[in-house]
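# Structure assessment
One-letter residues, chain by chain:
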Number of protein chains: 2
Amino acid sequence: MESLQVIARIHTELPEKFGVPRQSGLVPQLRGRIVFEPAYRNPDAVRGLEDFSHLWLIWQFSEAIRQDWSPTVRPPRLGGNRRMGVFATRSPFRPNHLGLSSVRLERVEQSEALGPVLHVCGADLMDGTPIFDIKPYLPYTDSHPDAVGGFTDGLESRCLRVECPPRLLECIPADSREGLLGVLAGDPRPRYQEDPQRVYGMGFAGQNVRFTVDGETLTVHSIDPLEK
Amino acid sequence: MESLQVIARIHTELPEKFGVPRQSGLVPQLRGRIVFEPAYRNPDAVRGLEDFSHLWLIWQFSEAIRQDWSPTVRPPRLGGNRRMGVFATRSPFRPNHLGLSSVRLERVEQSEALGPVLHVCGADLMDGTPIFDIKPYLPYTDSHPDAVGGFTDGLESRCLRVECPPRLLECIPADSREGLLGVLAGDPRPRYQEDPQRVYGMGFAGQNVRFTVDGETLTVHSIDPLEK
């Protein structure tokens, strides 16, 4: 048994699990800011980090904590109806609630109020997620492009055509719009829900984005401020 | 603050930190066995894992635990005389003592006594290291061959010529010999020790391997059973 300290938290446009991409890098346009906890706001601790293009984040599945664990889970990529061993998946429901994500590092900001702030892209973390460690991505040891991806190989990522009236998109800050469109194209619905009448609501950048999906087309109907 | 359970331990030929490769994959011939702790010895928990070629291990730097943390460390690859931010390195001395390694999965053994045992290659972990999580390596999201490796880019890994009399090598089990030769070729000495007279002793596969290094040549002088 070992206890961990939260060293930082990430801030993203996604206030809830619904809409969070299922792996890092799937929506490379999604922006996030990593803010260190007060005890770790030391510019020296990130010296040299800006020379790396990618980072590893080890973090906590803070919204998926269960006391007991199940040896098998049902990966959404298999349609949610086949069970795989928990250690053969990246499911949040695992004995220790550790997540692992690689993100692109855009820049390191030295903020007077917050210390070093890391601006990253492609995170699959909801807003406020606690982070336990940040490590540089070392391509000579971490990159295995010819690795065999088991049951994930050959599964197509479903990609929807997104229709969003420009006047609605204007409710989203300009540099977050591509991220929203990427999340929607990735089909955030639970697997195998095929009701074209159903209206989904997803929080994004402080707004509630309401949409329907008919076949391969996702249509945004409204974007309104989220009620706090 | 979050507490973690040890789910497994790895067994390798390296009983101490001295000799452990500085990253995973540097000595691909090094063999290891991952044995689950009794509470996790469930064949269902690894169902489907044998179809992946590589795994991630999240583990504990169990021999490098310090109560306080330093914002900077001195990476051995920079000769040990330049300081970098701890989060820009994979140093063991970090606020949470989490290690991250990718290893090749050779096979999954179903042992009557131990449950599922994972046979892996290329680990940079000493014998008995506690493991907190095992995840499949997903090439479509984890592999970034064009990532920029910061201060690690362009640093040559030093590689020694190893001279070991065949009769000494026979003291090592046949399928561990390539691993030993790989560890020695990687120059296990602390950086910038250049005393050709100095005899180093390294534990490996239950033996004490004694050697000297003169220039680019490492010479093995004896291989004798380790005293327990």
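Residues numbered from 1 in each chain as written. Chains lettered and ligands numbered in written order. Predicted model: local features only at pLDDT ≥ 70, side-chain atom pairs only at ≥ 80, totals over all residues. Heavy atoms only, no water.

## Looking at the overall build of chain A
To keep things clear, this is the line we draw: The numbering of helices and of strands both runs from the N terminus, where a helix is a DSSP run of H or I of at least 4 residues and a strand a run of E of at least 2. Just to be clear, the radius of gyration here is over C-alpha atoms, and the globule rule we use is 2.2 Å times residues to the power 0.38. The classification of residues rests on relative accessible area computed with a 1.4 Å probe and restricted to protein chains. Under 20% of the type maximum is buried, over 50% is exposed, and intermediate values are partly exposed. Contacts are assigned to residue pairs that have any heavy atoms within 4.5 Å of one another. Using a 1.4 Å probe, the Shrake-Rupley method yields the accessible areas, and only the shown protein chains count as cover for residues. For the charge count, each Lys or Arg is scored as positive and each Asp or Glu as negative, with His and the chain ends excluded. Where a charge lies is defined by one atom per residue type: Lys uses NZ, Arg uses CZ, Asp uses CG and Glu uses CD.
For chain A, the count of helices and strands is three helices and 13 strands. For chain A, whose C-alpha radius of gyration is 18 Å, the value lies close to the compact-globule estimate of 17 Å for 228 residues. Here the C-alpha coordinates of chain A stretch approximately 55 × 45 × 35 Å along the principal axes. By the burial criterion, 54% of the 228 residues in chain A qualify as buried. Nonlocal contacts in chain A, meaning residues at least 24 apart in sequence, comprise 68% of its contacts between residues at least 6 apart. With the model as given, the accessible surface of chain A reaches about 10,300 Å², and the carbon-plus-sulfur share is 46%. Chain A carries 26 positive and 30 negative side-chain charges, and their two centres are separated by 5 Å.

## Focus: the UniProt feature "domain: TsaA-like" (unreviewed entry) in chain A
Basically, it comes down to this: UniProt positions are given in the numbering used here, feature names are shortened, and annotations may be inferred rather than shown by experiment.
UniProt records the feature "domain: TsaA-like" (unreviewed entry) for residues 4-146 of chain A in the present numbering. Between the end C-alpha atoms of residues 4-146 of chain A the distance is 34 Å, and the span holds 3% helix and 35% strand.

## Comments concerning the sheet that holds strand β10 (residues 161-163) of chain A
Residues and elements named next belong to chain A. What counts, and what does not: The criterion for strand pairing is that DSSP finds at least two bridges linking the strands in question. Lines are fitted to the C-alpha atoms to define the axes, a helix being fitted only along its stretch in contact, and any angle between axes, read from their N-to-C directions, falls within 0 to 180 degrees.
If you trace the four strands from one edge of the open sheet to the other, you get β10-β13-β12-β11, paired in mixed fashion. Strands at the two margins of the open sheet, each flanked by one partner only, are β10 and β11 (200-204). Each strand axis lies, on average, 35° off the axis of its neighbour in the sheet, ignoring direction. With respect to the sheet, helix α3 (residues 177-185) is in contact with β10, β11, β12 (207-214) and β13 (217-225), its orientation differing from that of β11 by roughly 145°.

## Considerations on unusual backbone geometry
All names here are of chain B. In this model, aspartate 187 sits at a positive phi of 65°, which is unusual for a non-glycine residue. Structurally, aspartate 187 can be placed in the loop between α3 (177-185) and β11 (200-204). Phi angles above zero are rare outside glycine, and alanine 205 is one such case at about 50°. Summarising the element assignment, alanine 205 is placed in the loop between β11 and β12 (207-214). Overall, alanine 205 belongs to the buried group, its relative accessible area being 19%.

## Let's talk about the interface of chain B and chain A
Spelled out, the test is: Summed over both partners, the accessible area (1.4 Å probe) lost when two parts come together is defined as the buried area. A pair is scored as a salt bridge if a Lys or Arg side-chain nitrogen falls within 4 Å of a carboxyl oxygen belonging to Asp or Glu. Under this definition, polar contacts are N or O atom pairs within 3.5 Å; protein pairs additionally need one hydrogen-donor-capable and one acceptor-capable atom, and for neighbouring residues in sequence, both atoms have to be side-chain atoms. Amino acids are sorted into nonpolar (Ala, Val, Leu, Ile, Met, Phe, Trp, Tyr, Cys and Pro), charged (Asp, Glu, Lys and Arg) and polar (every other residue, Gly among them).
Contacts between the two partners involve 68 residues from chain B, matched on the other side by 68 residues from chain A. Between chain B and chain A, roughly 6,400 Å² of surface is buried when both sides are summed, and carbon and sulfur atoms account for 59% of that area. Along the contact surface separating chain B from chain A lie four salt bridges. The partner of arginine 94 of chain A in a salt bridge is aspartate 133 of chain B, with the nearest N and O atoms 2.8 Å apart. Where chain B packs against chain A, one counts 37 residue pairs in polar contact (both at pLDDT 80 or more). Only β1 (2-4), β4 (54-60), β6 (84-85), β7 (98-111), β9 (130-136) and α1 (139-142) of chain B provide two or more residues apiece to the side of chain B that touches chain A. The element contributing the most residues to the side of chain B that touches chain A is β9 of chain B, with five residues. Grouping the constituent residues of the side of chain B that touches chain A by class yields 35 nonpolar, 22 polar and 11 charged.

## Quick notes on the domain arrangement of chain A
Residue and element names in this part refer to chain A. The test is simple: Domain extents, as shown, originate in an automatic or database domain assignment.
Here chain A is partitioned into domain 1 (8-142) and domain 2 (161-225). Placing a centre on the C-alpha atoms of domain 1 and another on those of domain 2 gives a separation of 23 Å. Each partner contributes to the interface: domain 1 provides 13 residues, whereas domain 2 provides 20 residues. When the two sides are added together, the surface that domain 1 and domain 2 hide from each other amounts to roughly 1,300 Å², 61% of it contributed by carbon and sulfur. Ranking the residues of domain 1 by area buried against domain 2 places Glu13, Phe18 and Arg22 at the top, with a combined share of 45%.

## A closer look at the relation of the copies chain B and chain A
What counts here: We superpose the copies by least squares over the C-alpha atoms of residues that have a pLDDT of at least 70 in both of them.
At an RMSD of 0.0 Å, chain B and chain A line up after a rotation of 180° and a shift of 0.0 Å along the axis. The two molecules are tied by a two-fold rotation axis, judged by turn and shift. The overlap is high: 100% of the interface residues of chain B also sit at the interface in chain A, so the same surface is used on both sides.

## Thoughts on the sheet that holds strand β7 (residues 98-111) of chain A
All names here are of chain A. What the six strands build is a closed barrel, ordered β2-β3-β8-β7-β4-β9; its pairing is antiparallel. In this sheet, neighbouring strand axes are inclined to one another by 45° on average, regardless of whether the strands run parallel or antiparallel. Sheet topology places strand β3 (residues 31-36) next to strand β8 (residues 115-121); five bridges connect them, and they run antiparallel. By the bridge assignment, arginine 31 is partnered in β8 with cysteine 121.

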